[in-house]
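Letter by letter, the chains look like this.
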Amino acid sequence: MKIICIGRNYVAHAHELNNEIPQEPVFFMKPDSSLLRNNDPFYIPEWSKEIHHEIELVIKINRIGKNIEKRFAHRYFDEIGLGIDFTARDIQNKLKEKGLPWEKAKAFDQSAVLGEVFIDKTAFPDQQNISFKLKINGNLVQDGNSKLMIFSFGDIISHVSKYVTLKIGDLIYTGTPAGVGPVKIGDHLEGFLEDKKLLDFMIK
Ligand code: ZN
C-alpha cells in the first residue's frame, strides 16, 4: 500500500505557512514504513528541532482505479478515518528554499499516525461537513471541518488517479486545517472525528 498526502488543502493553513492557494491539488507520498498505529508513542527524531502536528481526515481506497472521473470517485472509498501527518518543519523549510523534494521532512519513520478505527462513510450525512480536531494536553489546537477543504474527496481522487494508480488499501491524507504547531516530549495528543476519539498517544 501507499500513503498519498494532500498539501495546502485548507486556505487558512496555506496562509499560516505563507503558501499560495493551489489551483490544483498538491500531493506527496509517504512509504508504508512511516505508519504509526495502535496509539503507540511517537519518538521525536534527533535530527529535527521542529516536528509539527497536522491532523487530517484519511480516506481508505477500496478498489483499483486509474483516471477516475470525479462523479465516480465516491465508489473508490467506503471509510473515513483520522491521522496525523507529522512534518519536520525546520527540514521542510530548508528543502523548500532549495526547491528540493520533501521526503526527509515528510516520509520519515512514524510520520504517518493512523487511527485504528475507520468509520463507514454512510455514517456521515454530508461529507462536506465532517468535523475533526486535535487536542494537546487537553487544549484544542486544531479544529477542522471538511467544508473548509479547497479540494473535496472527489476532486482529490480524480486528480491523483490521473498520475498514480490507486490500489486497495491505499490511504489518502486529505490535508490539514489551520493551527499546526510543534510537539514536545511529554505531550499527550488526542484526535477526534466528530465526537469519537480515534487517536490518543504520547510524544516521547
Ligand atoms: Zn499534511
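Look up a bit, the structure's there.
Residues numbered from 1 in each chain as written. Predicted model: local features only at pLDDT ≥ 70, side-chain atom pairs only at ≥ 80, totals over all residues. Heavy atoms only, no water.

### Details of the overall build of the chain
No. 1: Helix and strand counts for the chain come out as 4 helices and 15 strands.
No. 2: The globule rule puts the C-alpha radius of gyration for 204 residues at 17 Å, and the 16 Å found for the chain is close to it.
No. 3: By principal-axis analysis of the C-alpha atoms, the chain measures approximately 45 × 40 × 30 Å.
No. 4: Looking at the 204 residues of the chain, the share that counts as buried comes to 52%.
No. 5: The long-range fraction of contacts in the chain, counting pairs at least 24 apart against all pairs at least 6 apart in sequence, stands at 76%.
No. 6: Just so you have it, the chain exposes about 9,600 Å², and 50% of that area is on carbon and sulfur atoms.
No. 7: In the chain, 27 side chains carry a positive charge and 28 a negative one; their mean positions are 3 Å apart. (Helix = DSSP H or I, 4+ residues; strand = E, 2+ residues; numbered from the N terminus. Rg over C-alpha atoms; globule rule 2.2 N^0.38 Å. Buried < 20%, exposed > 50% of the residue type's maximum accessible area, 1.4 Å probe, protein only. Contact = heavy atoms within 4.5 Å. Areas by Shrake-Rupley, 256 points an atom, 1.4 Å probe, with all protein chains shown as cover. Lys, Arg positive; Asp, Glu negative; His and termini not counted. Charge placed at Lys NZ, Arg CZ, Asp CG, Glu CD.)

### Some thoughts on the sheet that holds strand 14 (residues 188–193)
No. 1: Here we have 4 strands laid out as an open sheet, ordered 11-10-14-15, and antiparallel in their pairing. Every other strand in the sheet has two partners, leaving strand 11 (139–145) and strand 15 (196–202) as the edge strands with one partner each. Strand after strand, the sheet turns through a mean of 15° between neighbouring axes, direction not considered.
No. 2: Across 6 bridges, strand 10 (residues 131–136) lies against strand 11 in antiparallel orientation. Its bridge partner being in strand 11, S131 is matched across the sheet by N145. (Pairing = 2+ DSSP bridges. Axes fitted to C-alpha atoms, helices over the stretch in contact; angles between N-to-C directions.)

### Overview of the nonpolar core
No. 1: In this structure, I80, I84, F86, I157, L189, L193 and F201 are the most contacted members of the largest nonpolar core, which totals 46 residues.
No. 2: For this core, the elements supplying multiple residues, two or more each, are strand 1 (3–7), strand 5 (55–61), strand 6 (77–85), helix 2 (89–98), strand 10, helix 4 (153–163), strand 14 and strand 15.
No. 3: Every residue in contact with L189, bar those within four places of it in the chain, is listed here: I84, F86, L134, K135, I136, V183, L199, D200, F201 and I203.
No. 4: Counting 10 residues, the second-largest nonpolar core is a separate cluster that includes I3, C5, A112 and L171. (Core = buried A, V, L, I, M, F, W, Y, C linked by side-chain atoms within 4.5 Å.)

### Describing the coordination of the zinc ion
No. 1: For the zinc ion, every protein donor is listed as E54 (OE), E56 (OE) and D85 (OD), and the spread of their distances is 1.9 to 2.1 Å.
No. 2: Sequence spacing of the donors to the zinc ion: E-x1-E-x28-D. Within this pair, whereas E56 is found in strand 5, its partner D85 is found in strand 6, the two being separated by 29 residues in sequence.
No. 3: Here D85 falls in the buried class, since its relative accessible area comes to 0%. (Donors = N, O, S within 2.8 Å, 3.2 Å for Na, K, Ca; no water.)

### Focus on the side chain of N145
No. 1: Its place among the elements puts N145 in strand 11.
No. 2: Given a relative accessible area of 10%, N145 falls into the buried group.
No. 3: Beyond its immediate stretch of four places on either side in the chain, N145 contacts Y10, Q128, N129, I130, S131 and F132.

### Overview of the environment of C5
No. 1: Relative to the elements of secondary structure, C5 occurs in strand 1.
No. 2: Judged by its relative accessible area of 0%, C5 falls in the buried class.
No. 3: Sequence-wise, C5 and N137 are 132 residues apart; in three dimensions their C-alpha atoms are separated by 26 Å.
No. 4: Contact partners of C5, with chain neighbours within four places excluded, come to V26, F27, F28, K30 and Y173.

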